[in-house]
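One letter stands for each residue in the lines below.
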Amino acid sequence: MTMKSGAVFRKEQFVIPSGVIYLDGNSLGPLPRIASRRITEVVEREWGQALIRAWNECAWMEQPARVGDLIAKLVGAPGGSIVMGDTLSIKVYQALASALQMRPDRKIILSDSGNFPTDLYMAQGLIESLDKGHELRIVAPEAVERSIDETVAAVMITQVDYRTGRLHEMNRITSAAHDAGAVMIWDLAHSAGAVPVQLTDSGCEFAVGCTYKYLNGGPGAPAFIYVRPDLVETVRPALAGWMGHDVPFAFDRDYRPANSIERMRVGTPPIIQLSALEAAMQIWNGVDMGDVRAASIELSERFIAEVEKRCPALHLVSPRDPAARGSQVSFRFEHGYAAMQALIDRGVIGDFRAPDIMRFGFTPLYLDTGDIVTAAEVVEDVILNRLWDNPRYKQVNSVT
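Residues numbered from 1 in each chain as written. Predicted model: local features only at pLDDT ≥ 70, side-chain atom pairs only at ≥ 80, totals over all residues. Heavy atoms only, no water.

A. Looking closely at the nonpolar core. Counting residues in hydrophobic clusters, the biggest one holds 84 residues, and the most contacted among them are Leu 23, Leu 199 and Phe 303. Each residue touching Phe 303, except ones within four places of it in the same chain, is listed here: Leu 23, Val 329, Phe 331, Phe 360, Phe 362, Ile 372, Ala 375, Ala 376 and Val 379. Counting residues in each nonpolar core, the second largest holds 32 residues, with Leu 136, Phe 206, Val 227 and Val 232 among its members. (Core = buried A, V, L, I, M, F, W, Y, C linked by side-chain atoms within 4.5 Å. Buried < 20%, exposed > 50% of the residue type's maximum accessible area, 1.4 Å probe, protein only. Contact = heavy atoms within 4.5 Å.)

B. Spotlight on the sheet that holds strand E15 (residues 357-361). Read across the open sheet, the 4 strands follow the order E11-E12-E15-E14; overall the sheet is antiparallel. Each having just a single partner strand, strand E11 (315-316) and strand E14 (351-353) make up the two edges of the open sheet. In the sheet, E11 pairs with strand E12 (residues 328-332) via 2 bridges, with the strands oriented antiparallel. When the bridges of E12 are listed, Leu 316 appears paired with Phe 331. Relative to E12, helix H11 (residues 289-310) is tilted by about 20 degrees, and along the sheet it contacts E11, E12 and E15. Contacts from helix H12 (residues 336-345) reach E14 and E15 within the one sheet, and its direction differs from that of E15 by about 40 degrees. (Pairing = 2+ DSSP bridges. Helix = DSSP H or I, 4+ residues; strand = E, 2+ residues; numbered from the N terminus. Axes fitted to C-alpha atoms, helices over the stretch in contact; angles between N-to-C directions.)

C. Spatial organisation of the packing of H11 against helix H13 (residues 369-384). In contact at an axis separation of 9 Å, H11 and H13 are set at 25 degrees when each is read in the N-to-C sense. In this view, H11 runs roughly parallel relative to H13, as classed from their interaxial angle. In the packing of H11 onto H13, the handedness of the crossing is right-handed. Mapping the contact onto sequence places Glu 298, Leu 299, Arg 302, Phe 303, Glu 306, Val 307 and Arg 310 in H11 and Thr 369, Ile 372, Val 373, Ala 375, Ala 376, Glu 377, Val 379, Glu 380 and Leu 384 in H13. Looking at the contact of H11 with H13, its residues break down into 9 nonpolar, 1 polar and 6 charged. (Parallel < 35°, antiparallel > 145°, perpendicular 65-115°, else oblique. Left-handed = near helix turned anticlockwise from the far one by under 90°. Nonpolar A, V, L, I, M, F, W, Y, C, P; charged D, E, K, R; others polar.)

D. Just helix H5 (residues 88-102), in detail. With 15 residues, H5 ought to run about 21 Å at 1.5 Å a step, and its terminal C-alpha atoms sit 21 Å apart, in line with that. For H5, the set of buried residues is Leu 88, Lys 91, Val 92, Gln 94, Ala 95, Leu 96, Ala 97, Ser 98, Ala 99 and Leu 100. Among the structural elements, strand E5 (108-112), helix H6 (117-130), strand E7 (152-158), strand E8 (183-187), strand E9 (206-209) and strand E10 (224-227) are those in contact with the buried residues of H5. (Expected span 1.5 Å × (residues − 1).)

E. Molecular detail of the sheet that holds E9. In space, the 7 strands of this open sheet follow the order E4-E10-E9-E8-E7-E5-E6, with mixed pairing throughout. The open sheet has two edge strands, strand E4 (82-84) and strand E6 (135-139), and neither has a second partner. Strand after strand, the sheet turns through a mean of 20 degrees between neighbouring axes, direction not considered. Where E9 meets E10, 4 bridges bridge the pair, whose relative direction is antiparallel. Paired with Phe 206 across the strands is Val 227, a residue of E10. This element, helix H8 (residues 170-179), spans E7 and E8 of the sheet and lies at about 155 degrees to E8.

F. Main features of the packing of aromatic side chains. For the coordinates displayed, the defined rule picks out 12 aromatic pairs. Ring geometry for Trp 242 and Phe 249: centres 5.1 Å apart, planes at 65 degrees, overall edge-to-face. With relative accessibility at 36%, the residue Trp 242 sits in the partly exposed group. Taking the relative accessible area as the measure of exposure, Phe 249 reaches 51% and is therefore exposed. Measuring from ring centre to ring centre gives 6.1 Å for Trp 242 and Phe 251, while their planes differ by 15 degrees; the resulting arrangement is stacked. An aromatic cluster of at least three residues, connected via ring pairs, comprises Phe 303, Phe 331, Phe 360 and Phe 362. (Phe/Tyr/Trp six-rings, centres within 6.5 Å; stacked < 30°, edge-to-face > 60°.)

G. Expanded view of the pairing of E5. With respect to burial, E5 is a largely interior element, 5 of its 5 residues being buried. In E5, alternate side chains face the same way, and those of Ile 108, Leu 110 and Asp 112 on one face and Ile 109 and Ser 111 on the other are all buried. By the bridge criterion, 5 bridges tie E5 to E6 in an arrangement that is parallel. The residue bridging Leu 110 from the neighbouring strand is Arg 137, located in E6. Of the crossover connections in this fold, the one passing from E5 over H6 to the parallel E6 is right-handed. Pairing of E5 with E7, which is carried by 3 bridges, proceeds in the parallel orientation. Looking across to E7, one finds that Ile 109 is bridged to Ala 154. (Right-handed = clockwise from strand over helix to strand, strands pointing away.)

H. Highlighting the environment of Leu 274. With respect to the helices and strands, the residue Leu 274 is situated in helix H10 (residues 271-280). A relative accessible area of 0% places Leu 274 in the buried class. As a C-alpha pair, Leu 274 and Pro 312 span 38 residues in sequence and 44 Å in three-dimensional space. Non-local contacts of Leu 274, meaning those with residues more than four positions away in its chain, are made with Gln 63, Pro 64, Val 67, Met 84, Pro 222 and Pro 269.

Given below as structure tokens:
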């Protein structure tokens, strides 16, 4: 293990099963030991003993904003600009609906073909609900910047392509959007905790993201939404839930949004999941995202070199330039699904994305160079010896 990886290596703080090399933290982060302990405490002591009193005694009501401030430190945003709750799909809907209200005379939502499907689905559903002539315009990732013009109301981009790991240049695209008078929305699902992000410097109006990948909040962990501070008291929430009301327990008949990021809350916060995430965020204390990025590049470059040397049948679909990709590497292989199942069966866990992409995530908090070389050796064994050519590896599961 090198100095770069060692600066952020915290493997002892995670539950990693014996014999497993986990290269899928870009899809679901492993269990932090501290989160496991915290969940037990919340269930047995807070919920079990305090019961409903825990909303006040254990500061449950303030948790969405408190955890939002922890994430803000990782993505270059000020305190009070991020709040937690709901799912990423809901947060995409909120941000996009608010953005369209900010540009009522424009009808184009611009996104790219590498965006995660749920973002596009939410846009399509919103367009149908509004029924005001909006259009979702999808272009190739490399065409985004030149496709932004004065007809575009909102630019909605996922910074890191979920399939290939292609990394968009945040500041440049945001600047292009603003030059054209459009609102900028960034999805940080594959960025937060993986690559350095500076939301304040970018000037974007909105950002959203999930917390169960690189932030290790657990399956179903709540999403987050960022609103640029100068907009937070005026942006109109698309979903007027009671938790976003200025005084929720006044039980007013009419909605009055909070004069803070709290207005972007919708429903009751998932306390157990939020508590797991809040505990998991302690792992980031003292971690510099620049060090994480350097270690991630080091590990992914080694993996690419090892796999390409050993397995010419696999074709790299991620950008060759490490500065142009996030913290994942994807290879194309005709029998990618079966090959990934064979790898998982041998303790190297990545995942598959249709139609033929084998995807591997690199999280230097719990991976080192030894893991990478061993993983490449297993990939070589599976591919060269056709271990994937087994009927049981070709039975497609509901989650790939």
